[in-house]
Amino acid sequence: MKKLIWFIFLCSFQVYGQNMDLEKTINLIITEITPSNFKYINLTDETLIEQEFDYSIQNYQKREILRKDSLFPIELITTPKKEKNGKNWKTFKLNNCKIYSKSDCSRIVSNSSYLIEVKNKSEYDSIINLNIPNTIVVIINPKWGKYKTKLETRKATAKLENVEKNIEDQFYFSLSIPVFSENKKYFRITIYKGKENKGEGSSKIFKIENETLTEIFEYNRWKTEISTVN
């Protein structure tokens, strides 16, 4: 029984240590990708699934990387390993970021608003407490006529439209789980930056030394765009 308890303790300690390392790394990445004029970033809670690419590094790229860092493990790119299990960033202590679901991040950066009509103050409070981004909640008495209903809706809509959006809320980010080299000095991570109707992402290789990141290489760039039809 004591052996079992000791084994469980060791496993728990190892997982805790791994999460601490991951937490520290992600906080460094958040600092790295946060624009200098931003107070925070919006981050999707689920980890980003890396894009599937058939990528083969060219000889001139190898030379370029090794010129920057002669000890760089090329296999981190050429034979990439992937994390099979996802993470939820809400379970980590991350600095200078607000963490939402992907759908809420999309709503934050959207220039359109969502109208929810409720019948009473109790329903109103329950919706407000959900903190759904870009959402207008208005109490509509079922006894009101069309004119009164439309008037109250316009008043509620005008309140949101007159609020200037923070520059931070024009973008959101998604991060994959970092994949480390065997010596833990390098890692690969995929980063996506989205805004309304479009975004861009790429894979990056970083060197981590004395809690400082140095970008070594960027590849597998891609863009997304959503077309709207009127």
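The rules behind the values
- Residues numbered from 1 in each chain as written.
- Predicted model: local features only at pLDDT ≥ 70, side-chain atom pairs only at ≥ 80, totals over all residues.
- Heavy atoms only, no water.
- Helix = DSSP H or I, 4+ residues; strand = E, 2+ residues; numbered from the N terminus.
- Buried < 20%, exposed > 50% of the residue type's maximum accessible area, 1.4 Å probe, protein only.
- Contact = heavy atoms within 4.5 Å.
- Areas by Shrake-Rupley, 256 points an atom, 1.4 Å probe, with all protein chains shown as cover.
- pLDDT = per-residue confidence, 0-100.
- Salt bridge = Lys/Arg side-chain N within 4 Å of Asp/Glu carboxyl O.
- Core = buried A, V, L, I, M, F, W, Y, C linked by side-chain atoms within 4.5 Å.
- Phe/Tyr/Trp six-rings, centres within 6.5 Å; stacked < 30°, edge-to-face > 60°.

This brings us to the overall build of the chain. The number of helices and strands found in the chain is 6 helices and 9 strands. Split into buried and exposed, the 230 residues of the chain put 37% on the buried side. By sequence separation, contacts in the chain at least 24 residues apart represent 60% of the contacts at least 6 residues apart. Total accessible area computed for the chain in this model is approximately 15,800 Å², and 50% of it derives from carbon and sulfur atoms.

Attention now goes to the confidence of the model for the chain. Across the chain, the average pLDDT comes to 83, with 83% of residues at 70 or higher. In the model of the chain, helix α1 (residues 2-33) stands out as the element of lowest mean pLDDT, 64, in contrast to strand β1 (residues 41-44), which has the highest, 97. This stretch, residues 2-18, has a pLDDT under 50; its non-local contacts, to residues over four places away or in other chains, come to 0 contacts.

If you walk through the whole model with that rule in mind, you get 9 salt bridges. Residues Lys 121 and Asp 125 are paired through a salt bridge, measuring 2.9 Å at the closest nitrogen-oxygen approach. One end of the pair, Lys 121, and the other, Asp 125, are both in helix α5 (residues 121-128), 4 residues apart, so they sit about a helical turn from each other. Among the ionic pairs, Lys 155 bridges to Glu 152, the shortest N-O distance being 3.5 Å. Of this pair, Lys 155 and Glu 152 both sit in helix α6 (residues 146-161), 3 residues apart, roughly one helical turn. The exposure class of Lys 155 is partly exposed, given its relative accessible area of 45%. Put simply, Lys 204, Glu 215, Glu 218 and Arg 221 are held in one network by salt bridges that share partners.

Glancing now at the nonpolar core. Ranked by size, the top nonpolar core spans 23 residues in total, and within it Ile 26, Ile 29, Leu 43, Trp 89, Leu 94, Leu 175 and Ile 189 carry the most contacts. Elements that contribute at least two residues to this core include exactly α1, β1, β2 (97-100), β5 (172-175) and β7 (186-195). Here Leu 175 is in contact with Ile 26, Ile 29, Ile 33, Leu 43, Thr 47, Leu 48, Trp 89, Ile 189, Thr 190 and Ile 191, once residues within four sequence places are set aside. Leu 76, Ile 77, Val 179 and Tyr 186 belong to the second largest nonpolar core, which has 12 residues in total.

Tallying each qualifying case throughout the model produces 8 aromatic pairs. When the centroid spacing of 6.1 Å and the interplanar angle of 40 degrees are considered together, the rings of Phe 38 and Phe 171 count as tilted. Residue Phe 38 is found in the loop between α1 and β1, and its partner Phe 171 is found in the loop between α6 and β5; the two are separated by 133 residues along the sequence. The pair Phe 38 / Phe 171 is uniform in exposure class, with both members buried. Ring centres of Phe 72 and Tyr 186 lie 5.4 Å apart, and the angle between their planes is 85 degrees; on these two criteria the pair is classed as edge-to-face. Of this pair, Phe 72 sits in the loop between α2 (59-68) and α3 (75-78) while Tyr 186 sits in strand β7, and the two are 114 residues apart along the sequence. Per residue, the accessibility class of Phe 72 equals that of Tyr 186, and both read buried. Ring-pair connections join several aromatic residues into one group, and the members of that group are Tyr 172, Tyr 192 and Trp 222.

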